[in-house]
Amino acid sequence: MDDNALFRIQKWLNGPYDDQTKQEIRTLQQENPEALFDAFYRDLNFGTGGMRGVMGIGTNRINIYTLRSATQGLANYLLKHAGEGMSLSVFIGYDVRHHSRLFAEETARVLAGNGIKALITREVCPTPLASYGCRYYGCAAAIMITASHNPPEYNGYKVYGSDGAQVVFPSDEEIIDEVRQIQSPEQICLAPLNDSLICWVGVEIDREYLAQLEKLRLNREPKTLQVLYTNLHGTGLRLLPKSLEIWGFPSPQLVKEQASLDGAFPSAPSPNPEEEGALSLGSKQLLESQADLLLATDPDADRIGLVIRQQDRAVRFNGNEIACVCFSYLAEALQKRGEIPDNAAIVKTIVTTELLRKIAKNYAIRCVDVLTGF
């Protein structure tokens, strides 16, 4: 084991860490030194998208200590950029994964300890709702505790700016620098969970979100399409069925085996709606029920999968195909309403299908290429 890992291990054994954590370290020292090395050989990377990793003890794991450090770094950044006398708030959401609620609470405690108001959802929260909540409440940032579509042993920490979008340059690098400067629990300000700066957000945010979503309808005729939906044990169950109903669709059927809110993802061990394995149960029920299509969302409901029924076949669409169908519909509907603006544009990455460009050309819409991730 190298000196850096040994230094980090000793620092945790001698520092202000809880007794259970220290006992786990000692157990691994005796029984599994390789696993201990992997947990401590580096600091978990905090990048543009935040952090994501396996949960457990150590500097290279997602746990209350690594999340507290990340939050303290973010708090320091927000305080540096706040105007004089300006009150700050941060919206916090969390998904169904193991310890997500605890991690969200610890995040709120650090923010409150730094004099920043923490708005934390009472229930599990889809990522799009966290983005909306950030803007609705006028927050300086949002934090989402999730590992997206990763397996159940993972968790993560996503950071969004005041616009509800992923932070970009130069803010991302400044936040990363602040996080790297947190090297000890003594640098972290921690308030109790009952602190007055920690506020719980209930279903009132759902009503506001759905009201805004309803305004986006382009076709207000009643729909007859029969939709089957699977949340893959994740947060999409909170809003997607209601969203379909306010858009005039019949109440969707659910894939019952995957409808529970369960961070173990028992019926979808790899809960990625873009993978066939995660959709197999839903595809089977699609054919048996004679529904028209299957919609699927990942655990934090910011990724979607689609399967349609063609007679006795379940046909899965990939992301490029879904994008083309959606864009073609939007362009046609807006053209019929005379609402395509003169400066209309679609933005895609350089690896996205060129069919989008051809659709855009058909409607005299500009197509802009950007690098992946931007």
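A. A look at helix 3 (residues 33-40). Within helix 3, the full set of buried residues consists of L36, A39 and F40. Considered in projection along helix 3, the buried side chains sweep an arc of 85° and stay on one side of the axis. Against helix 1 (3-14) and helix 2 (19-31) lie the buried residues of helix 3.

B. Molecular detail of the layout of surface pockets. Considered as a void within the structure, the largest pocket measures approximately 1,600 Å³ in volume. Taken together, 36 residues line the largest pocket, and the ones lying closest to its centre are L244, W247, L295, I304 and C326. Contributing elements (two or more residues each) for the lining of the largest pocket: helix 6 (127-136), helix 8 (204-214), helix 9 (240-246), strand 9 (293-297), strand 10 (304-310) and helix 11 (319-336). At 7 residues, the largest contribution of residues to the lining of the largest pocket is made by helix 11. Of the residues contributing to the lining of the largest pocket, the split by class is 26 nonpolar, 5 polar and 5 charged. Each pocket or cavity is described by its volume, and for the second largest pocket that value is around 520 Å³. Along the walls of the second largest pocket sit 24 residues, with D43, T59, S69, I182 and Q183 positioned nearest its centre. Mapped onto the lining of the second largest pocket, the elements with two or more residues apiece are helix 1, helix 4 (64-81) and helix 7 (171-180). Class assignment of the residues belonging to the lining of the second largest pocket gives a composition of 13 nonpolar, 7 polar and 4 charged.

C. The sheet that holds strand 6 (residues 198-201), seen in detail. Spatially, 6 strands are ordered 1-5-4-2-3-6 in an open sheet, and the strand pairing comes out mixed. Looking at the sheet topology across the chains shown, the edges are occupied by strand 1 (51-54) and strand 6. The average undirected angle you get between the axes of adjacent strands in this sheet is 15°. Bridge count between strand 2 (residues 89-94) and strand 4 (residues 141-145): 5 bridges; the pairing is parallel. Paired with V90 across the two strands is A141, which belongs to strand 4. Sheet strands in contact with helix 5 (residues 100-113) are strand 2, strand 3 (117-121), strand 4, strand 5 (154-160) and strand 6, and its direction is about 170° off that of strand 2.

D. Layout of the nonpolar core. Of all hydrophobic cores here, the largest spans 48 residues; its most connected members are F46 and Y157. Sorting elements by how many residues they give to this core places helix 4 first, with 8 residues. Contacts of F46, omitting those with residues within four sequence positions, involve M51, A70, Y157, V159, I175, I176 and V179. Membership of the second largest hydrophobic core comes to 17 residues, among which are F91, L129, C134 and M144.

E. Structural view of the sheet that holds strand 9. Across the sheet, which stays open at both edges, the 5 strands sit in the order 8-7-9-10-11 with mixed pairing between neighbours. Two strands lie at the open edges of the sheet, namely strand 8 (253-254) and strand 11 (313-317), each paired on one side alone. Of the pairings in the sheet, the one linking strand 9 to strand 10 comprises 5 bridges and is antiparallel in character. Note that in strand 10 the partner of L293 across the bridge is I308.

F. Fine view of the side chain of T235. Relative to the helices and strands, T235 is located in the loop between strand 7 (227-230) and helix 9. Setting aside chain neighbours within four positions, we find T235 in contact with Y94, D95, V96, V124, C125, P126, P299, D300 and A301.

G. Fine view of the environment of E339. Tracing the chain through its elements places E339 in the loop between helix 11 and strand 12 (345-349). With a relative accessible area of 41%, E339 lands in the partly exposed category. Here the side chain of E339 touches R337 through a polar contact of 3.3 Å, side chain to side chain.

H. View of the pattern of salt bridges. Under the definition given, this model contains 22 salt bridges. Taking the shortest distance from any N to any O, the salt bridge between R61 and D38 comes out at 2.6 Å. Within this pair, whereas R61 is found in the loop between strand 1 and helix 4, its partner D38 is found in helix 3, the two being separated by 23 residues in sequence. When its relative accessible area of 13% is taken as the criterion, R61 is described as buried. On the accessibility criterion, D38 (33% relative accessible area) is partly exposed. Across the pair K348 and E354 runs a salt bridge whose closest N-O atoms are separated by 2.7 Å. Here K348 falls in the buried class, since its relative accessible area comes to 3%.

I. Geometry of the packing of aromatic side chains. All chains considered together, the criterion is met by 10 aromatic pairs. An angle of 75° between the planes, with centres 5.5 Å apart, marks the rings of W12 and Y65 as edge-to-face. You can see W12 sitting in helix 1 and its partner Y65 sitting in helix 4, a full 53 residues away along the chain. Taken together, a centroid distance of 4.9 Å and an interplanar angle of 80° make the contact between Y136 and Y137 edge-to-face. On the accessibility criterion, Y136 (39% relative accessible area) is partly exposed. The structure contains a cluster of three or more aromatic residues connected by ring pairs, namely F91, Y132, Y136, Y137 and Y209. Between K223 and the ring centre of F249, over which it is positioned, the NZ or CZ distance is 5.5 Å.

About the thresholds
- In this convention, every chain numbers its residues from 1, walking through the sequence in written order.
- In view of the model being predicted, local features appear only for residues whose pLDDT reaches at least 70, and side-chain atom pairs are presented and counted only at 80 or more, with totals across whole chains, interfaces and linings using the full set of residues.
- Only hydrogens and water are set aside when side-chain values are computed; all heavy atoms of the structure are taken into account.
- The classification of residues rests on relative accessible area computed with a 1.4 Å probe and restricted to protein chains. Under 20% of the type maximum is buried, over 50% is exposed, and intermediate values are partly exposed.
- Note on conventions: DSSP H or I runs of at least 4 residues are helices, E runs of at least 2 residues are strands, and numbering of each starts at the N terminus.
- Directions drawn from the helix axis to the C-beta atoms are what define this arc.
- Should any heavy atoms of two residues lie within 4.5 Å, those residues are considered in contact.
- Definitions used throughout: a 1 Å grid over protein atoms alone; a cavity as a set of points that fits a 1.4 Å probe which cannot get out; a pocket as an open set with protein on both sides within 12 Å along at least five of seven lines; a lining residue as one with an atom within 4 Å of a point.
- Grid points are joined across faces, edges and corners, and a volume is the space filled by probe spheres set on the points.
- In this count, Pro and Cys sit with the nonpolar residues alongside Ala, Val, Leu, Ile, Met, Phe, Trp and Tyr, while Asp, Glu, Lys and Arg are called charged and the others, Gly among them, polar.
- Two strands qualify as a pair provided that DSSP identifies no fewer than 2 bridges between them.
- Axis angles are defined between N-to-C directions and span 0 to 180 degrees, where every axis is a line fitted to C-alpha atoms and, for a helix, only to the segment in contact.
- The definition of a nonpolar core used throughout is a set of buried Ala, Val, Leu, Ile, Met, Phe, Trp, Tyr and Cys residues joined through side-chain atoms within 4.5 Å.
- Here a polar contact is recorded for every N or O atom pair within 3.5 Å, except that within protein the pair must consist of a potential hydrogen donor and a potential acceptor, and residues adjacent in sequence are included only if both atoms are side-chain atoms.
- Definition used for salt bridges: Asp or Glu carboxyl oxygen within 4 Å of a side-chain nitrogen of Lys or Arg.
- Between the rings of Phe, Tyr and Trp (Trp by its six-membered ring), a pair exists once the centres lie within 6.5 Å; its type follows the angle of the planes, with under 30 degrees stacked, over 60 edge-to-face, and the other angles tilted.
- Two conditions define a charge located above a ring, namely a distance within 6 Å from the ring centre to NZ of Lys or CZ of Arg, and an angle within 35 degrees of the ring normal.

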